[in-house]
Amino acid sequence: MKYVTITVLLVLAFLGLVHDTQAATYYSIQPAKEVCTSILFGQDGGGEYTLQASDPGEAEGNPWIDNHFTSFVAGPDNIVSVPVCFSAVSRALGDEGNIHITVSTPRGNISYDYGVCVAQYSDVDITEGAATGSPCDVMGGHTDLFSASFTQPEMYARPGESAVFNLILDSSTDMTVSIAKASGDVQMRASETYAQLGGGQQEIQVEVNAPSAAGDYPFSVSVNAEGCSIDDCSRTVDGILHVADASATPKAGFFIWLSPKTKSITGQQSTQFVARVQNYGEGQEVTVMVTADEGLDTDFSPYTVFIEKGQSKSIPFNVRPSENAKASYKITAVAQGKDGTKRSAKSWLTVDEMVADADKLGQDDFIKKYNENGGASLEDWEELESLTGNVIDNSDIVFDEPPPGPGLWVYIIAAVIVAAIAIGGFIFYRKYQQTSSEQGPTWEDLGVK
């Protein structure tokens, strides 16, 4: 784990540097169509920003993207949104390419990795690590059976205090998921260790205790579908707790997050997203607006609220496809302060992602059955993915913490009971037996510190 001094933390907080863990974004694009995103200049301090793209199609005279070089002077008070569009024009089904973008900022370089696959159905996936290998294969082996994300992945606390991260879980498929600590040198506990999905959004509070030493403390929480052994049934949610004394209170204005980043639904139904605004600067009015691609309706109306320094506001809203089509839609949330400062965040909703991924895997029989039944169960998808080899390989997994199950205290109590029986203490035996039957598992019992 990397520690920083309070001085460095102050600088980072002032400049408003908020970086995500290295991740790759993959797009399935239908032939002759395009999909666009944007990269923000200005969040890494004031000065010159330069975008350079490595595009395998450029040398062939048929580029995947429309923006290979851009330069602007920007800063925290002058955020510039640079559009980048990925095109499948003049390309055939099965064509694919990996695109790497490097943005030079006043504080160093930031990398963005993308994979593009020309396919019959549109889809968007975000995975850990750089984009390598076949984008079509990667997307076929990555399906959002459920979404799991923190509404605010970065929070601040003083030494010895705690911060509560809100974990949002949702799925169109019925399943039970377990929640446990995956990594991090912090103590944490969750309000629930199991959740039943398939009936609407579920929110779990994860309380993280700040260590006594100042620094940045990354951690992760694992969410796993019970009784399922494929990669799609496991998600890791990353967070970071910034710990500093009172003099290092963040002064970076406000930020906005939109969760989840990607989400899949079955058919034409309504589903919920959450926009969250955290204000680190002086209190001011902030107006939040949400827009969606054509074909996706939302009940969100422009919302203005005064947010005090150090306070936050979560705004849930619903979206629903206007027609029953297998497609992906971009959702954009923009927050604008009364001082003119703007921040934005994006998410993606895919309708019937199982069909899009089964098509990449050549599983026509599954698609036929899915269309006839109006969806598929977790067991149906697990069977398909098992046939294609996308099964979790536990031999490569090293657990920092024991997996969910009875903790050490269970065995200690059992030993005491046995000892009590051995000495004929029937009354004591009854007492411990009753205690054992009344207590349920806790976060610590599941091997989480």
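S.K.: Quick rundown of the sheet that holds strand S16 (residues 215-225)? Include the residues and the values.
M.R.: The strand order S10-S17-S16-S12-S14 describes an open sheet built from five strands, whose pairing is mixed. The open sheet has two free edges, formed respectively by strand S10 (154-157) and strand S14 (194-197), since each of these has just one partner strand. Between one strand axis and the next, the sheet turns through 30° on average, direction left out of account. Judged from the four bridges that link them, strand S12 (residues 175-184) and S14 form a sheet pairing that is antiparallel. Within the sheet, the bridge partner assigned to Met-175 lies in S14 and is Leu-197.

S.K.: Requested: an account of empty space enclosed by the protein, with residues and values cited.
M.R.: Enumeration according to the criterion identifies three cavities of 30 Å³ or more in this entry. One number sums up the size of the largest cavity: a volume of about 90 Å³. Every residue lining the largest cavity is listed: Asp-144, Leu-145, Ser-171, Ser-172, Thr-173, Ser-264, Ile-265, Thr-266, Asp-352, Glu-353, Met-354 and Tyr-370. Of all the elements in the fold, those that place two or more residues in the lining of the largest cavity are strand S19 (262-265) and helix H3 (353-360). Partitioned by chemical class, the residues of the lining of the largest cavity number four nonpolar, five polar and three charged.

S.K.: Pulling in residues and values, what's your account of the pairing of S19?
M.R.: The two faces of S19 match: Thr-262 and Ser-264 on one face and Lys-263 and Ile-265 on the other face are all buried. Where S19 lies against strand S26 (residues 342-351), four bridges are found, and the strand directions are parallel. Bridging across to S26, Ser-264 finds its partner in Thr-350.

S.K.: Provide a residue-level description of the pairing of S16, including the pertinent values.
M.R.: The buried fraction of S16 amounts to nine of the eleven residues, a majority that puts the element mostly inside the structure. As judged from the seven bridges shared by S12 and S16, these two strands associate in the antiparallel manner. Bridge assignment links Gly-184 to a residue of S16, and that residue is Phe-219. Summarising the sheet, S16 and strand S17 (residues 234-243) pair through ten bridges and their orientation is antiparallel. The residue of S17 that forms the bridge with Asp-216 is His-242.

S.K.: Just give me the short version of the packing of H3 against helix H4 (residues 364-373), but keep the residues and values in it.
M.R.: The interhelical angle for the contact between H3 and H4, taken along N-to-C directions, is 160°, at an axis separation of 9 Å. With respect to H4, the element H3 is oriented roughly antiparallel. The two elements H3 and H4 meet at a crossing, and its hand is left-handed. Counted together, Met-354, Val-355, Ala-358 and Asp-359 of H3 and Phe-366, Ile-367, Tyr-370 and Asn-371 of H4 form the full contact between these two elements.

S.K.: Which residues make up the side chain of Arg-276, and what values do they have?
M.R.: Along the chain, Arg-276 falls in strand S20 (residues 271-279). Glu-203 provides the closest opposite charge to the buried, salt-bridge-free Arg-276, at an N-O distance of 7.0 Å. A distance of 2.9 Å separates a polar atom in the side chain of Arg-276 from a polar atom in the side chain of Ser-312. A polar contact is formed between the side chain of Arg-276 and the side chain of Ser-314, at a distance of 2.8 Å.

S.K.: So what about the packing of aromatic side chains? Which residues, and what values?
M.R.: Summed over the entire model, instances satisfying the criterion amount to 16 aromatic pairs. With a centroid separation of 5.5 Å and 80° between ring planes, the pair formed by Phe-300 and Phe-317 is classed as edge-to-face. Of this pair, Phe-300 sits in the loop between strand S22 (296-298) and strand S23 (303-307) while Phe-317 sits in strand S24 (residues 312-321), and the two are 17 residues apart along the sequence. Look at Phe-300 and you get buried, because its relative accessible area is 12%. An aromatic cluster of at least three residues, connected via ring pairs, comprises Tyr-27, Phe-86, Tyr-114 and Trp-348. Its guanidinium or amino end placed over the ring of Trp-64, Arg-91 lies 3.7 Å from that ring's centre, counting from NZ or CZ. We note Lys-263 situated over the ring of Phe-273; from NZ or CZ to the ring centre the distance is 5.1 Å.

S.K.: Quick one: what's the story with the pattern of salt bridges, residue by residue and with numbers?
M.R.: Pairs can form between side chains of opposite charge whenever their charged atoms are close. Throughout the structure, instances matching the rule amount to six salt bridges. When the shortest N-O distance is used, the salt bridge between Glu-282 and Lys-309 registers 3.7 Å. With Glu-282 in the loop between S20 and strand S21 (284-292) and Lys-309 in the loop between S23 and S24, this pair connects stretches of sequence that are 27 residues apart. For Asp-352, the salt bridge is made with Lys-326, and the minimal N-O distance between the two is 3.8 Å. In this pair, Asp-352 sits in the loop between S26 and H3 while Lys-326 sits in the loop between S24 and strand S25 (328-337), placing the two residues 26 residues apart along the sequence. Note on Lys-326: relative accessible area 28%, which makes it partly exposed.

What counts as what
- Residues numbered from 1 in each chain as written.
- Predicted model: local features only at pLDDT ≥ 70, side-chain atom pairs only at ≥ 80, totals over all residues.
- Heavy atoms only, no water.
- Pairing = 2+ DSSP bridges.
- Helix = DSSP H or I, 4+ residues; strand = E, 2+ residues; numbered from the N terminus.
- Axes fitted to C-alpha atoms, helices over the stretch in contact; angles between N-to-C directions.
- 1 Å grid on protein atoms, 1.4 Å probe; cavity = no way out; pocket = protein on both sides within 12 Å on 5 of 7 lines; lining within 4 Å.
- Points joined across faces, edges and corners; volume = space filled by probe spheres on them.
- Nonpolar A, V, L, I, M, F, W, Y, C, P; charged D, E, K, R; others polar.
- Buried < 20%, exposed > 50% of the residue type's maximum accessible area, 1.4 Å probe, protein only.
- Parallel < 35°, antiparallel > 145°, perpendicular 65-115°, else oblique.
- Left-handed = near helix turned anticlockwise from the far one by under 90°.
- Contact = heavy atoms within 4.5 Å.
- Lys, Arg positive; Asp, Glu negative; His and termini not counted.
- Salt bridge = Lys/Arg side-chain N within 4 Å of Asp/Glu carboxyl O.
- Polar contact = N/O pair within 3.5 Å; in protein donor to acceptor, adjacent residues only side chain to side chain.
- Phe/Tyr/Trp six-rings, centres within 6.5 Å; stacked < 30°, edge-to-face > 60°.
- Lys NZ or Arg CZ within 6 Å of the ring centre and 35° of its normal.

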